[in-house]
Amino acid sequence: MARGQLPVASLHVLLALLDGEKHGYAVMRDVEELSEGAVRMGPGTLYGTIKRLLADGLIEEVTETTRRDGDDERRRYYRLTAGGERVAATEVARLRALVTRVRRLRPDFGHGLA
Amino acid sequence: MVHECCYRGLVLLYPRRFRRVYGSDMVQVFRDDLHERGPVRGWSRALSDLVLSVPVQHVEAAMSQRSTSRAAQGGLAASGLAVLAVLAMGRYVVIAVPITAIIAVTSLLYWRSRLPYREAVSGASASWWAILCAGAALLAGIGLTAAFGPEMDWFPWNLAVFLYLSGWALIITGVVLGLWRLLRRFRHQPAF
């Protein structure tokens, strides 16, 4: 299980998998969309992140998904484990709490930012 | 197709274990990206990613290999010491045997838990020589103790036979794993 806070790339991959299992390219595209282009992953970073998340038991590989949605090639799909969902929720709650605290303690900070 | 061949060549820069597991998927992702965003943007992303991720993967591979072999060696050394302790202090054999078993099993579980399943399996077959050496060391230990050790009228012979058979079992397991690995290398030609 992962300890401490998650790296940005790992958190985004977990969040991209919240709405169901996906193959590598779909994860990469969703991460970019989710972060509005702030987090851009290439294949090496993507699979390096997937490797670590698999090792930590936060995601799992889905077997028997060779052809779907008109895919004509074999693809590996990934999905969140219960632990991964818990870690993603904890991390989002931590970030939300951080933003709330910053707004309360530094009300002038971030004016003019969206 | 030319783009894909070039990228396939660049994937060879990643550590072997990583590219064997994920190499084909990476090429597939690169192909999808090229198809969707065009060659210029596809290549710019792929090249900047290579510059960042190749060193990271090499560092991770080196660290994982070091911690894996250190844990395995530590486990083997601890088990070996415990077995020697059993031979040397036969009076406490009832305590020493379970301790040996606990140390061996704990080190094995620790070692496997540090790696994803695929790597753990390939790591186990890669250490065939260590298993073979452990068996040979066990037999050598028994032989040396029998030849030069103190008189041990009280020594439980069932235990000696058990250790002797365990030594041969380890040697046979090591040889079988080594042969299996060799056969796999000839039969299975991975893309990377």
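Residues numbered from 1 in each chain as written. Chains lettered and ligands numbered in written order. Predicted model: local features only at pLDDT ≥ 70, side-chain atom pairs only at ≥ 80, totals over all residues.

Brief notes about the interface of chain A and chain B
Note the following rule: We call two residues in contact when the distance between their C-beta atoms, placed using the backbone, is within 7 Å. Numbering goes from the N terminus for both helices and strands, where a helix is a DSSP run of H or I of at least four residues and a strand is a run of E of at least two. The classification used treats Ala, Val, Leu, Ile, Met, Phe, Trp, Tyr, Cys and Pro as nonpolar, Asp, Glu, Lys and Arg as charged, and all other residues, Gly among them, as polar.
Each partner contributes residues to the interface: chain A has 17 residues there, and chain B has 20 residues. Elements represented by at least two residues in the side of chain A that touches chain B include exactly α2 (24-34) and α3 (43-55) of chain A. Among the elements that make up the side of chain A that touches chain B, the one with the highest residue count is α3(A) (nine residues). When grouped by side-chain class, the residues that make up the side of chain A that touches chain B number seven nonpolar, five polar and five charged.

As for the confidence of the model for chain B
For residues with low pLDDT, the predicted coordinates do not support detailed interpretation. All names here are of chain B. The condition is simple: A score from 0 to 100, pLDDT tells how confident the predictor is in each residue.
Here chain B shows a mean pLDDT of 74. Residues at 70 or above account for 59%. Least confident of the elements in chain B is helix α5 (residues 117-126), whose mean pLDDT is 52; most confident is helix α2 (residues 16-37), at 91. The low-confidence segment residues 116-121, where pLDDT is below 50, has seven contacts with residues more than four positions distant or belonging to other chains. As a predicted assembly, this complex carries a pTM of 0.58 together with an ipTM value of 0.82.

A short note on the nonpolar core
As a reminder, the rule being used: Buried Ala, Val, Leu, Ile, Met, Phe, Trp, Tyr and Cys residues whose C-beta atoms connect them within 7 Å together make up a nonpolar core. Whether a residue is buried, exposed or partly exposed is read from the other C-beta atoms within 10 Å of its own C-beta, which are placed from the backbone; 20 or more gives buried, 12 or fewer gives exposed, and intermediate counts give partly exposed.
Among the nonpolar cores identified, the biggest contains 34 residues, and Val13(A), Leu14(A), Leu17(A) and Val27(A) are the most heavily contacted of them. Of all the elements in the fold, those that place two or more residues in this core are α1 (8-16), α2, α3, β3 (77-80) and α4 (82-105) of chain A together with α1 (2-11) and α2 of chain B. A per-element tally of this core places α2(B) first, with seven residues. Setting aside residues up to four positions removed in sequence, Val27(A) forms contacts with Val13(A), Ala16(A), Leu17(A), Lys22(A), Leu46(A) and Tyr78(A).

Focus on the sheet that holds strand β1 (residues 22-23) of chain A
What counts is decided by this rule: Should DSSP find at least two bridges between two strands, the strands are regarded as paired.
Taken in spatial order, the three strands line up as β1-β3-β2 (chain A) in an open sheet, and their pairing is antiparallel. With partners counted over all chains shown, the strands left at the sheet margins are β1 and β2 (59-62) of chain A, one partner each.

Regarding the packing of α1(A) against α3(A)
All names here are of chain A. Cut-off, in case you're wondering: Helix axes are fitted only over the stretch in contact, all axes being lines through C-alpha atoms; the angle between N-to-C directions runs from 0 to 180 degrees. Here roughly perpendicular refers to angles of 65 to 115 degrees, roughly parallel to angles under 35, roughly antiparallel to angles over 145, and oblique to all remaining angles.
Here α1 crosses α3 at 80°, and the two axes come no closer than 10 Å. Viewed along their axes, α1 and α3 adopt a mutual orientation that is roughly perpendicular. Here α1 contributes Ala9, Ser10 and Val13 to the contact with α3, which in turn contributes Thr45, Thr49, Ile50, Arg52 and Leu53. Residue classes in the contact of α1 with α3 are distributed as four nonpolar, three polar and one charged.

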